[in-house]
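# A closer look at the structure
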There are 2 protein chains.
Amino acid sequence: MNKSKEAPIGVFDSGLGGLTVAREIMRNLPMERIVYFGDTARVPYGSKSEQTVQRYSRQIVSFLKTQNVKAIVVACNTATAFALDIVREEAGVPVIGVIEPGARIACDITRNGRVGVIATRATIESRAYNDAIREIRPDINVIGKACPLLCPLVEEGWIHDRITEEIIMRYLDDVLENEIDTLILGCTHYPLLRSTIRKLIGDGISLVNPAYETARDLKRLLGEYDIAAQDPPEAGEPTPYRFFVSDEAQRFADFANSILPIDVKTARLVPIEEY
Amino acid sequence: MNKSKEAPIGVFDSGLGGLTVAREIMRNLPMERIVYFGDTARVPYGSKSEQTVQRYSRQIVSFLKTQNVKAIVVACNTATAFALDIVREEAGVPVIGVIEPGARIACDITRNGRVGVIATRATIESRAYNDAIREIRPDINVIGKACPLLCPLVEEGWIHDRITEEIIMRYLDDVLENEIDTLILGCTHYPLLRSTIRKLIGDGISLVNPAYETARDLKRLLGEYDIAAQDPPEAGEPTPYRFFVSDEAQRFADFANSILPIDVKTARLVPIEEY
């Protein structure tokens, strides 16, 4: 590894959700450049198998390496659950996922030792949050719930919507019965539902947004490896944030514009199957 | 083309929905063998671009050709909208899609010339139903509505559910305002919501299930080409219905068992990207 400190950070997700992680990196590490890849031709990952998600993640790492990234953030819970080890093996640069940062902060803040996790079916069935939490605090009881409809609802734009509220409550019923005091938003789409969920569950339960925790961990990681950017992007420099997708570039750019604090003009298409 | 009349019919879809078409073929053409392919590693198609759906369809045709199929049914509305011509070019055997059969029967049964179509975003934006209907009866007014949440709701199993009813009504509001007398279920998942939709819209509107019309058209097509099966599957013959998927074979088999009139023991995995 012999990268410039001004090299970009590679951030990838199955599609749009990882933009919530990119957003936190932009806010918290404003000196850093980002190359984002969204696998919009094969989205979602949350209903697919370990082998398939691993194959897709491997291809994305190959692509990100061509972009000369100095670190990789797996900004997708399902890809973190299934493929973090493989990404670490193949990347040749420091890698972090979204699960461990979220698990650690949940362990810090729970008082009663009862933590809920909502996520895709694949993430819940992988028990990756259970494992990550057990490693830190084996005494904590983790209550997981797969919520397959929440991503489609976010992508449909029904964020502040009575129907979405009803669906969230149906999913959360079991989880809340377990008297959790902490709830992990275990899919990168879910922070977009944060205020809706907050309204429904009240103030008594802490919400953990792994996107925010991941950005903080990334900062620590860049420090450890002494690869944090020293110079802000120069005026003449092409945009410090570049976006690549495997399909539907314009739709992606529109969505990115709606949630990022910057103006995303375009995303470029990558034939990801060839990597 | 020099196939045995007892060769199988290739049926493909982005995932599970095409099973509603396979089911109608089983019911209406009981002598025929079927090879079904569901692209469960890349499902759904309805949110993806024309180019991507064409590339995926081309790979699936290559696979089906290795199975020596005598005809191909594109049992997915989005793939029919985007890739029917490409499938026809590449197949080397007769091909039918699901849109033209549904459009034709809608033209036959509408009395007031106002036809609604509900489908995926990609199918609606392609205007494939509008074009197919205009070709037969240019006087008909087609009212299309994209319903991105209905597939996820079916796959979540919320078929007879108050929330699903509310979502259907929200989608149908605009369509019903146009005083349609005929509604095409323009996604192969939607026949599974048929009784729910019927309950909501009452008896005054005819529902068109393109799966059923496609099976009837297939029968006609096999007759035209003189390739209809003459002999029922023999007792010693391996199962006349074979299922292939690109991911999650067991989950697929479970779903198939819940909607087909036969016992589906297993589905085989195909590395579809290699075709």
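Keep in mind that this is a model prediction, so the values were computed, not measured. (Residues numbered from 1 in each chain as written. Chains lettered and ligands numbered in written order. Predicted model: local features only at pLDDT ≥ 70, side-chain atom pairs only at ≥ 80, totals over all residues. Heavy atoms only, no water.)

In this section: the overall build of chain A. When helices and strands are tallied, chain A shows 11 helices and 10 strands. Relative to the globule expectation of 19 Å for 275 residues, the C-alpha radius of gyration of chain A, 18 Å, shows essentially globular dimensions. In terms of overall dimensions, chain A has C-alpha extents of about 55 × 35 × 35 Å along its principal axes. For chain A, the residues scored as buried account for 61% of the 275 residues in total. Within chain A, contacts between residues at least 6 apart in sequence are counted, and of these 77% link residues at least 24 apart. (Helix = DSSP H or I, 4+ residues; strand = E, 2+ residues; numbered from the N terminus. Rg over C-alpha atoms; globule rule 2.2 N^0.38 Å. Buried < 20%, exposed > 50% of the residue type's maximum accessible area, 1.4 Å probe, protein only. Contact = heavy atoms within 4.5 Å.)

Before going further, it helps to examine the sheet that holds strand 4 (residues 95-97) of chain B. All names here are of chain B. Spatially, 4-3-1-2-9-10 is the arrangement adopted by the 6 strands of the open sheet, whose pairing is parallel. The open sheet is flanked by strand 4 and strand 10 (268-269), the only strands paired with a single partner. Two elements, strand 1 (residues 9-13) and strand 2 (residues 34-38), share 5 bridges in a ladder whose sense is parallel. Residue pairing across strands places valine 11 opposite tyrosine 36, the latter belonging to strand 2. (Pairing = 2+ DSSP bridges.)

Two packed helices can be described by the angle between their axes and the distance between those axes. Residues and elements named next belong to chain B. Look at helix 8 (residues 162-177) against helix 9 (residues 194-201): their axes get within 11 Å of each other, and the N-to-C directions meet at 55 degrees. Considering their axes alone, helix 8 and helix 9 lie oblique with respect to each other. Crossing of helix 8 over helix 9 shows right-handed handedness. Contacts between helix 8 and helix 9 involve Glu165, Ile168, Met169, Leu172 and Leu176 from the former and Thr196, Ile197, Lys199, Leu200 and Ile201 from the latter. Its residues assigned to classes, the contact of helix 8 with helix 9 comprises 7 nonpolar, 1 polar and 2 charged. (Axes fitted to C-alpha atoms, helices over the stretch in contact; angles between N-to-C directions. Parallel < 35°, antiparallel > 145°, perpendicular 65-115°, else oblique. Left-handed = near helix turned anticlockwise from the far one by under 90°. Nonpolar A, V, L, I, M, F, W, Y, C, P; charged D, E, K, R; others polar.)

Our focus in this paragraph is the interface of chain B and chain A. Between chain B and chain A, the contact holds 32 residues from the first and 32 residues from the second. Buried area between chain B and chain A, summed over both chains or domains, comes out near 2700 Å², and the portion from carbon and sulfur atoms is 45%. The largest contributions to the chain B side of the interface with chain A come from Leu149(B), Arg170(B) and Glu273(B), which together make up 21% of the buried area. Inspection of the chain B/chain A interface yields 10 salt bridges. (Buried area = accessible area lost by both parts, 1.4 Å probe. Salt bridge = Lys/Arg side-chain N within 4 Å of Asp/Glu carboxyl O.)

Our next topic: the domain arrangement of chain A. Residues and elements named next belong to chain A. Split into domains, chain A comes out as domain 1 (9-97 + 213-274) and domain 2 (99-209). Measuring from the centre of the C-alpha atoms in domain 1 to the corresponding centre in domain 2 gives 23 Å. Contacts between the two partners involve 26 residues from domain 1 and, on the opposite side, 22 residues from domain 2. Of the charged contacts, one joins arginine 104 and aspartate 217 as a salt bridge, the two residues approaching to 2.6 Å between their closest N and O atoms. Where domain 1 meets domain 2, there are 11 residue pairs in polar contact (both at pLDDT 80 or more). When residues of the side of domain 1 that touches domain 2 are traced back to their parent elements, those giving at least two are helix 1 (19-28), helix 3 (77-91), helix 10 (210-224) and helix 11 (249-259). Looking at which element gives the most residues to the side of domain 1 that touches domain 2, the answer is helix 3, with 5 residues. (Domains from an automatic or database assignment. Polar contact = N/O pair within 3.5 Å; in protein donor to acceptor, adjacent residues only side chain to side chain.)

Turning our eyes to something else, we now look at the sheet that holds strand 3 (residues 71-74) of chain A. Residue and element names in this part refer to chain A. Strand order in the open sheet formed by 6 strands is 4-3-1-2-9-10, and the pairing between neighbours is parallel. The open sheet has two free edges, formed respectively by strand 4 (95-97) and strand 10 (268-269), since each of these has just one partner strand. Taken together, the 2 bridges between strand 9 (residues 241-245) and strand 10 define a ladder with parallel strand orientation. If you follow valine 245 over to strand 10, its bridge partner there is leucine 269. Sheet contacts for helix 10: strand 1 (9-13), strand 3 and strand 4; angle to strand 4, the most-contacted strand, approximately 165 degrees.

So, about the pairing of strand 7 (residues 182-185) of chain B. All names here are of chain B. The alternating pattern of strand 7 places Thr182 and Ile184 on one face and Leu183 and Leu185 on the opposite face, and all of these are buried. Across 4 bridges, strand 5 (residues 114-119) lies against strand 7 in parallel orientation. Following the sheet pairing, valine 117 is matched in strand 7 by isoleucine 184. Taking the sense of rotation as the criterion, the β-α-β connection linking strand 7, helix 9 and strand 8 (residues 206-208) turns out right-handed. (Right-handed = clockwise from strand over helix to strand, strands pointing away.)

Another point: the environment of Leu16(A). All names here are of chain A. Along the polypeptide, leucine 16 turns up in the loop between strand 1 and helix 1. For the pair leucine 16 and glutamate 125, spaced 109 residues apart in sequence, the C-alpha to C-alpha distance is 22 Å. Filtering out sequence-adjacent residues up to four positions away, leucine 16 remains in contact with Tyr36, Glu155, His189, Phe252 and Phe255.

Let us look at the relation of the copies chain B and chain A. Under the fitted operation, chain B is carried onto chain A by 0.0 Å of movement along the axis and a turn of 180 degrees, and the coordinates agree to an RMSD of 0.0 Å. When the rotation and shift are considered jointly, the pair of chain copies conforms to a two-fold rotation axis. Relative to the rotation axis, the closest C-alpha in chain B is found at Arg42(B), a distance of 2.4 Å. (Least-squares fit on C-alpha atoms with pLDDT ≥ 70 in both.)

The subject of this paragraph is the state of the cysteines. What the rule picks out here adds up to 0 disulfides over all chains. Here Cys151(A) stays free of any disulfide, with the sulfur of Cys187(A) as its closest cysteine sulfur at 3.4 Å. In this structure Cys147(B) is a free cysteine whose sulfur lies 9.1 Å from that of Cys187(B), the closest cysteine sulfur available. (Disulfide = S-S within 2.5 Å.)

Before going further, it helps to examine the packing of helix 4 (residues 99-109) of chain B against helix 6 (residues 128-136) of chain B. Residues and elements named next belong to chain B. Between helix 4 and helix 6, whose axes approach to 9 Å, the crossing angle comes to 50 degrees. In terms of orientation, helix 4 and helix 6 fall into the oblique class. When the axes of helix 4 and helix 6 are compared, the crossing they make is right-handed. Of helix 6, the residues touching helix 4 (which contributes Ile99, Ala103, Arg104 and Cys107) are Ala128, Tyr129, Ala132, Ile133 and Ile136.

Right, let's get into the packing of aromatic side chains. Residue and element names in this part refer to chain A. For the structure on display, the rule yields 16 aromatic pairs over all chains. An angle of 50 degrees between the planes, with centres 5.6 Å apart, marks the rings of phenylalanine 37 and phenylalanine 63 as tilted. Taken together, the residues span a long stretch of sequence, with phenylalanine 37 in strand 2 (residues 34-38) and phenylalanine 63 in helix 2 (residues 50-66) at a distance of 26 residues. An identical accessibility class is assigned to phenylalanine 37 and phenylalanine 63; each is buried. (Phe/Tyr/Trp six-rings, centres within 6.5 Å; stacked < 30°, edge-to-face > 60°.)

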